[in-house]
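Structural overview
For reference, the chains in residue letters:
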Amino acid sequence: MSSPSKRREMDVMKLMMSDYVVEPINDGINELNVEFHGPKESLYEGGLWKIRVELPDAYPYKSPSIGFLNRIFHPNVDELSGSVCLDVINQSWSPMFDLLNVFEVFLPQLLLYPNPSDPLNGDAASLMIKDKEQYEKKVKEYCELYAKKGNISGTITDDSDEDESNDDVSDGRSESSEEDVAGNADP
């Protein structure tokens, strides 16, 4: 592969061309905010999080820094800082991985398979081990309070004018997500 800067540009471009909403910070490609939806068939399904991505100068040889900007109740995510405890990002990162892997594989796997034996959020880990039903209830409560499009302050796409213009361009995907949110609010 060519230089790390070309690889960084290519990986950021791949992420921007995917279905993720990506917002560069400070008009650069070293810091990004990315909208991430909870994986289907998980406790986090229907949730929407803004993820902060910081690419080090040595990327892809050094892993990106990943953090949740809105709150999430999960044993492996620090509730206050949003830091993520995930071996593949923190310890076993390889230049073979790219940013799409983070959002299509690593973060979904983290939410689908929490590891309470290696917690960043001790309360979530303890509750998951001691009272799974209460843990699941609290996860869903956090999703409702902090991970809905209308509840994320400063969300990349929460400007209503921008939403209307996105409806015209997005082949109806925004309309279906709005219906999902409205559908979730009815019960």
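Attention in this report is confined to the structure presented alongside it. (Residues numbered from 1 in each chain as written. Predicted model: local features only at pLDDT ≥ 70, side-chain atom pairs only at ≥ 80, totals over all residues. Heavy atoms only, no water.)

1. What to know about the packing of helix H4 (residues 122-130) against helix H5 (residues 132-146)
In the contact formed by H4 and H5, the axes pass within 5 Å of each other and the chain directions differ by 135 degrees. Compared by their axis directions, H4 and H5 come out oblique. Of H5, the residues touching H4 (which contributes Ala124, Leu127, Met128 and Lys130) are Lys132, Gln134, Tyr135 and Lys138. Looking at the contact of H4 with H5 residue by residue, the class counts come to four nonpolar, one polar and three charged. (Axes fitted to C-alpha atoms, helices over the stretch in contact; angles between N-to-C directions. Helix = DSSP H or I, 4+ residues; strand = E, 2+ residues; numbered from the N terminus. Parallel < 35°, antiparallel > 145°, perpendicular 65-115°, else oblique. Contact = heavy atoms within 4.5 Å. Nonpolar A, V, L, I, M, F, W, Y, C, P; charged D, E, K, R; others polar.)

2. Here's the deal with the sheet that holds strand S1 (residues 22-24)
Strand order across the open sheet formed by four strands is S1-S2-S3-S4, with antiparallel pairing between neighbours. Edge positions in the open sheet fall to S1 and strand S4 (65-68), since each of these has one partner strand only. Direction aside, the axes of adjacent strands within the sheet are offset by 25 degrees on average. (Pairing = 2+ DSSP bridges.)

3. Focus: the environment of Glu54
Inspection of the secondary structure assignment puts Glu54 in strand S3 (residues 48-54). Separated by 10 residues in sequence, Glu54 and Pro64 place their C-alpha atoms 5.6 Å apart. Among all residues touching Glu54, those that are not within four sequence positions of it are Asn30, Glu31, Pro64 and Ser65.

By themselves, these figures tell us nothing about what the structure is for.
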